[in-house]
Amino acid sequence: MQNISRTRRSMGGMDYVDPKKKSNFVGKIVLAAALTALCILMLKQSSTFGSPSPFSQRDTGVTHVLVTGGAGYIGSHAALRLLKDSHRVTIVDNLSRGNIGAVRVLETLFPQPGRLQFIYADLGDAKAVNKIFSENAFDAVIHFAAVAYVGESTLDPLKYYHNITSNTLVVLEAMAAHGVQTLIYSSTCATYGEPEKMPITEETPQLPINPYGKAKKMSEDIILDFHKNSDMAVMILRYFNVIGSDPEGRLGEAPRPELREHGRISGACFDAARGITPGLKVRGTDYKTADGTCIRDYIDVTDLVDAHVRALEKAKPGKVGIYNVGTGKGRSVNEFVEACKKATGVDIKVDFLPRRPGDYAEVFSDPTKIRDELNWTARYTNLQESLEIAWRWQKSHRDGYGSPS
């Protein structure tokens, strides 16, 4: 017996579609078309439909700065200062070391359209970087983005050469291709290695002794070679050991937990004071210094950011400026630990261990050149006070910025 419930029936050897089924199908198409038309109408009535992004246009009197690594410790503090100074800021970060929470703080502080945008991207992806440059009208780039742990660089040198040197080349090529004419490059005193004479001036020979310093020096060399046939304004800032945080408590340092072993001494001190780690590990007590521990020049992040802003203001087409950014005063690791104990009010347990590979005994700057040419001088030079400010943020942000998304 023939099944009369079939939607397709045979008639004279030919199939035909049930009219009811066809009617339902046509109705769905009509409904979808109506909804699509309604959505388009609503979009067209929106005030932003078809309007170019303010980040893609140049506005008179507004400097649009690309801050690479702007979700990181130093980069986020720099972005905050730039925004306070009424600059337009684009942050590009892959969040491998940065914190999306820092970006959210900045977005809350500066919610106005056209002030701040965050773009998730890896600077090692040349195609993505060129797309960012093609869609945004940058006036300047402050290039912070980099992995930056001396000990880690000796364990995984290829990561450092890729992340620092190769990525800087990608950024520089994009700047050249899209006509961005100002570069402020975040370099390091690690390019000097272990100089025979102190303090370090900008003329001190650069003889780095670890992959981190070598990768940064290679980047500097690439920038300087490119500049020989370019009118780009270039500023290279070689800075020393960064400490502190925003005095108003909006931002702080929140390194990845898995990187504590390689991180800054300030973070290690705070972890010990909070009981996250059982104590502080001081690596190396047999250096040729007064107390046997390393001597470093500790620069407050607020002063460091101010130096970048001065460099941005003073950058001139066709010129290169190279500056050390430090206090000009060296402090031993033992001195630092005692200052941290006082700042936190905790008698931190200290374990003395062998030297860390790639470290050097004594490094501190001569800041004469940056003082004379950029009118910059470090103001936050009280070690204990800088640590007290940072400690306040640490205590009120026990989970840092929270888990990254």
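Everything numeric in this text was worked out from a predicted model, so none of it was measured.

Caption draft 1: Spatial organisation of helix α12 (residues 383-396). When the terminal C-alpha atoms of α12 are compared, their 21 Å separation across 14 residues agrees well with the 20 Å that a helix rising 1.5 Å per residue should span. Inspection of α12 places L383, S386, L387, I389, A390, W391, W393 and Q394 among the buried residues, and these make up the whole buried set. Of the surrounding elements, those touching the buried residues of α12 are β9 (241-243), α8 (265-273), β12 (298-300), β14 (331-332) and α10 (333-344).

Caption draft 2: Molecular detail of the packing of α8 against α12. Two elements in contact, α8 and α12, have axes separated by 11 Å at closest approach and are oriented at 55°. Overall, the two elements α8 and α12 adopt an arrangement that is oblique. Here α8 and α12 pass one another in a crossing that is right-handed. Within the contact between the two elements, α8 uses S266, F270 and A273 and α12 uses L387, A390, W391 and Q394. Here the contact of α8 with α12 is built from residues that sort into five nonpolar, two polar and no charged.

Caption draft 3: The arrangement of the sheet that holds strand β8 (residues 233-239) in detail. The strand order across the open sheet formed by seven strands is β5-β4-β3-β6-β7-β8-β13, and the pairing between neighbours is parallel. Each having just a single partner strand, β5 (116-120) and β13 (320-325) make up the two edges of the open sheet. Strand-to-strand, the axes of this sheet are offset by a mean angle of 15°, without reference to chain direction. In the sheet, strand β6 (residues 140-143) pairs with strand β7 (residues 182-188) via three bridges, with the strands oriented parallel. Residue pairing for β7: H143 is matched across the bridge by Y185. Sheet contacts for helix α6 (residues 157-178): β6 and β7; angle to β7, the most-contacted strand, approximately 170°.

Caption draft 4: Focus on the packing of helix α2 (residues 73-84) against helix α9 (residues 301-314). The contact between α2 and α9 brings their axes to 9 Å, and the two run at 60°. With respect to α9, the element α2 is oriented oblique. Remark: the crossing between α2 and α9 carries right-handed chirality. Contacts between α2 and α9 pair Y73, I74, H77, A78, R81 and L82 from the former with V301, L304, V305, D306, V309 and L312 from the latter. Residues belonging to the contact of α2 with α9 are distributed by class as follows: nine nonpolar, one polar and two charged.

Caption draft 5: Region of the structure containing the pairing of strand β10 (residues 280-283). Side chains L280 and V282 project from β10 onto a buried face, and the interleaved K281 and R283 project onto a face without burial. As defined by bridge partners, β10 adjoins strand β15 (residues 350-353) across four bridges and the pair is classed as parallel. Bridge pairing in β15 places R283 opposite L353.

Caption draft 6: Looking closely at the environment of P354. Mapped onto the elements, P354 comes out in the loop between β15 and α11 (368-374). A relative accessible area of 63% means that P354 is categorised as exposed. The spacing of P354 and G284 is 70 residues in sequence and 4.9 Å in space, taken between C-alpha atoms. Sequence-distant contacts of P354, that is, excluding residues within four places in its chain, are made with R283 and G284.

Caption draft 7: View of the confidence of the model for the chain. In the predicted model, the chain carries a mean pLDDT of 89, and 88% of its residues have values of at least 70. When the criterion is pLDDT under 50, residues 1-17 qualifies, and its contacts beyond four places in sequence or with other chains add up to twelve contacts.

Caption draft 8: Summary view of α6. Helix length check: α6 (22 residues) gives 31 Å between terminal C-alpha atoms against 32 Å at 1.5 Å per residue, within 8%. If you follow the buried residues of α6, they end up packed against α4 (126-135), β6, α5 (150-155), β7 and α7 (211-227). Downstream of α6 by one or two residues, G179 has phi in the positive range, about 70°.

Rules used in this analysis
Residues numbered from 1 in each chain as written. Predicted model: local features only at pLDDT ≥ 70, side-chain atom pairs only at ≥ 80, totals over all residues. Heavy atoms only, no water. Helix = DSSP H or I, 4+ residues; strand = E, 2+ residues; numbered from the N terminus. Expected span 1.5 Å × (residues − 1). Buried < 20%, exposed > 50% of the residue type's maximum accessible area, 1.4 Å probe, protein only. Contact = heavy atoms within 4.5 Å. Axes fitted to C-alpha atoms, helices over the stretch in contact; angles between N-to-C directions. Parallel < 35°, antiparallel > 145°, perpendicular 65-115°, else oblique. Left-handed = near helix turned anticlockwise from the far one by under 90°. Nonpolar A, V, L, I, M, F, W, Y, C, P; charged D, E, K, R; others polar. Pairing = 2+ DSSP bridges. pLDDT = per-residue confidence, 0-100.

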